[in-house]
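In case you want the letters, here they are:
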Amino acid sequence: MKLPFAESYKIKVVESIRRSTRGEREEWIKNAKYNLFNLKSDQVFIDLLTDSGTGAMSDKQWAALMEGDESYAGASSYYRLKDAIHDITGFEYFLPTHQGRAAENVLFSTLVKEGDIIPGNSHFDTTKGHIEFRKAHAVDCTIDEAFHTELDHPFKGNIDLEKLENVLKKYPRKQVPMIIVTVTCNTSGGQPVSIENMRGVRKLADKYGIPVFFDSARFAENAYFIKLREEEFKDKTIREIVREMFSYADGMTMSSKKDAIVNMGGFIGFRHKEHFEAATMYNILFEGFITYGGMSGRDMNALAQGLYEGTGFHYLETRINQVAYLGKQLRDYGIPVQYPFGGHAIFVDAKRFLPNIPKEQYIAQTLAVELYIEGGVRAVEIGTLLADRDPDTRENRYPELELVRLAIPRRVYTNNHMDYVAAALINVYDRRDKITKGLRIVKEAPILRHFTVELEKI
Ligand SMILES: *Cc1c(COP(=O)(O)O)cnc(C)c1O
C-alpha cells in the first residue's frame, strides 16, 4: 500500500475554538456592518481571513524568543537575523521593519515620487496603496492567462514581458523607479512566477537600467512550485532555488508574517549599498534604529529561525498539500475555484458562483458573508472593495476577477477543519439560486477601504 501523505509536524500546544449558532452569526455579522474585519475572533469558528501573522510558531522559534537580545543597538539578535537573511536570500544588506507594508513605506520613500510608474504583476493592495499615496501609478503587467480562473497554466503569476517592455519604452527611465515582481502573486491567486520569467524581467530591467524589487512575502511557496513545475529545478533544494530567484533582484521587501512563519515582522533586503544607505534614514525615522527597526530582539530571533523552517521542503509539501486538499474537494463538487490551486489559499470565483448578483452589489463580499453565516468560516473578499476607487475619477474599479479567498494559516488547522470548510461552502453552493441580492456601501475610506468599509444588505 502506498503510504498516505501526512503532516511533517505534531501538535504540542492547542487553543480552543467555539462553534456558534446560525442565529448568533446573523446577528454578529449585521452588527459588524457586513465587514468580516469587524468581527471579534471568538465569533469565528475557522478563521481563513488571512495567512498573515496567523501561523503557529515551532518549539524552536519559541525557544529562540527566550534568547532575544534587547539591546538598543548592535543586538546579537540583529546579527543572527542578518546572517539568516544573507544565507537564505543572498542579500548583503538589510533593514528590519515591523511588517511588510512598513518595508514598502521605507523603500518607496527612498525611490518613488509623484507621477512615477511602477510596473509589476498585480501589485498587492498595500503595495498599490503606498504607490498611490505618493501619487504614483502601479501598472499591472500580469499575463492574461492569470485572469482565466479555470485555465491550467503552471505560472500564472508571470509578468507578460511584452506588456512590461511597452511600459518601459513609453516612459523615461527617471519616471520608472523600479519594477516589482510579487512572488507568489497574491492578488492573482497565490500563483507562482517562474525562474524563466524572472530571467526575462532581469534582462529587460538591465536593458532599460531599472532596478527590480521582489515583493517576497511568499517566496518559499514560490520556490516549491518552481521545484515541482520547472524542469531545470526539479533536483535543486528549496534553498538553492530561493537563492537563484533572488539573484535576479536588486532587493526585496518582505512580510515575515507569511513564509517566515512569525506573528509580526518584516524587512528589506538590498544588493546595493547605495539603496541601503538611502533607505536607512527613512527606516530610522519610521521604524527605529537600523539594528531593530520596529522589531524586538526576541522577534528577530524567531524570524531568523522561521526563515529556515519556512524554506524546508517537507514543511512546504505539507502546507501546499493542505491547500490543495481543500481546493480539490470544492473543485470536485463543481464549485468554480482558481486552478491550479495557489500556494497559500483557495480562491473561489464569486462571479460564477453567484451569477445573479450584479457587480455593483459586491459579489465576492456577498459570498464571503454567506459563508460566514453558513458555518462561521471567515474568508476575505478580493474584488471590487479591495480594488478601491480609481484615484483620478473616484469611480469604482471593477476588477476582472471577483474572488473569495480562503487563506490557510500555516501549521494551524487540520484536514478535518478543511472538510468542515468545504461542507460549509458546498451548502452555500446548493442554495446559490436563492441568493439574489448583494450589499451596498454605507461608509468607506479613500484608500484601503476594505478594512473599514461599512455595508448593508440590499
Ligand atoms: C502581506 C503582504 C504585504 C504586506 O505585508 P504586511 O506584513 O501585511 O504589512 C505585501 N505584499 C504581499 C505580496 C503580501 O502578501
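Residues numbered from 1 in each chain as written. Predicted model: local features only at pLDDT ≥ 70, side-chain atom pairs only at ≥ 80, totals over all residues. Heavy atoms only, no water.

## Quick look at the site of the ligand
To keep it simple, the criterion reads: Any residue with at least one heavy atom within 4 Å of a molecule or strand is counted as near it. What qualifies as a polar contact is a pair of N or O atoms within 3.5 Å, subject to a donor-acceptor requirement within protein and to the restriction that residues adjacent in sequence count only when both atoms come from side chains. Residue exposure ignores everything except the shown protein chains as possible cover, and the areas themselves are Shrake-Rupley values with a 1.4 Å probe.
As a structural note, the neighbourhood of the ligand is formed by 14 residues, with Gln99, Arg101, Asp215, Ser255 and Lys258 the closest of them. A distance of 2.8 Å is found between an oxygen atom of the ligand and a side-chain nitrogen or oxygen belonging to Gln99. Separating an oxygen atom of the ligand from a side-chain N or O atom of Arg101 is a distance of 2.7 Å. Protein burial of the ligand: of its 370 Å² of free accessible surface, 97% is covered by the chains.

## Observations regarding the nonpolar core
Rule in force here: Only buried residues count toward a nonpolar core. Its members are Ala, Val, Leu, Ile, Met, Phe, Trp, Tyr and Cys residues joined through side-chain atoms within 4.5 Å. We call a residue buried when its accessible area falls under 20% of the maximum for its residue type, exposed when it is over 50%, and partly exposed in between, using a 1.4 Å probe and counting protein chains only. Throughout, the edges of the domains are those of an automatic or database domain assignment. Only heavy atoms enter the contact rule, under which two residues are in contact if any of them lie within 4.5 Å.
Judged by nonpolar contacts, the single largest core of 59 residues is most densely connected at Ile179, Val181, Met198, Phe214, Phe219, Met245 and Leu307. Both domains that furnish three or more residues to this core are identified here as domain 1 (22-51 + 313-457) and domain 2 (59-310). Those residues in contact with Phe219, other than ones at most four positions away along the chain, are Ile88, Val183, Val242, Met245, Phe246, Met254, Asp259, Leu307 and Thr311. Ranked by size, the runner-up nonpolar core spans 50 residues in total, among them Val44, Ile363, Ile373 and Ala424.

## With respect to the packing of aromatic side chains
Where two aromatic rings form a pair, the distance of their centres and the angle of their planes describe that pair. Applicable threshold: Pairing of aromatic rings covers Phe, Tyr and Trp, the last through its six-membered ring, and needs centres within 6.5 Å; plane angles under 30 degrees mean stacked, over 60 mean edge-to-face, and all others mean tilted. Each helix corresponds to a stretch of at least 4 residues labelled H or I by DSSP, and each strand to a stretch of at least 2 residues labelled E; elements are numbered beginning at the N terminus. The criterion is that NZ of a Lys, or CZ of an Arg, lies within 6 Å of the ring centre and within 35 degrees of the ring normal, and then a charge sits over that ring.
A full pass over the atoms with the stated rule returns 18 aromatic pairs. Taking the centre distance of 5.2 Å and the plane angle of 90° together, the rings of Tyr339 and Phe341 count as edge-to-face. For Tyr339, a relative accessible area of 22% gives the class partly exposed. Considering the side-chain rings of Phe353 and Tyr429, the 4.9 Å spacing of their centres and the 70° angle between planes classify their relative orientation as edge-to-face. You can see Phe353 sitting in helix H13 (residues 350-353) and its partner Tyr429 sitting in helix H16 (residues 415-430), a full 76 residues away along the chain. Each member of the pair, Phe353 as well as Tyr429, carries the same accessibility label: buried. Taken together, the aromatic side chains of Tyr78, Tyr79, Phe94 and Phe267 make up a single cluster linked through ring pairs. In this structure, Arg331 is placed above the aromatic ring of Tyr339, and the distance from its NZ or CZ to the ring centre is 3.5 Å. Taking NZ or CZ as reference, Arg432 lies 3.8 Å from the ring centre of Tyr429, over its face.

## Section: the pattern of salt bridges
The condition is simple: Should a side-chain nitrogen of Lys or Arg be within 4 Å of a carboxyl oxygen of Asp or Glu, the pair is scored as a salt bridge.
The full count for this structure, using the stated rule, is 34 salt bridges. Residue Lys113 pairs with Asp116 through a salt bridge whose shortest N-O separation is 2.8 Å. Accessibility expressed as a relative area gives 1% for Asp116, which makes it buried. Between Glu231 and Lys234 there is a salt bridge; the shortest N-O distance is 3.2 Å. Residue classification places Glu231 among the exposed positions, given a relative accessible area of 59%. Overlapping salt bridges bring together Asp51, Arg218, Glu221, Asp259, Arg319 and Arg410 as one network.

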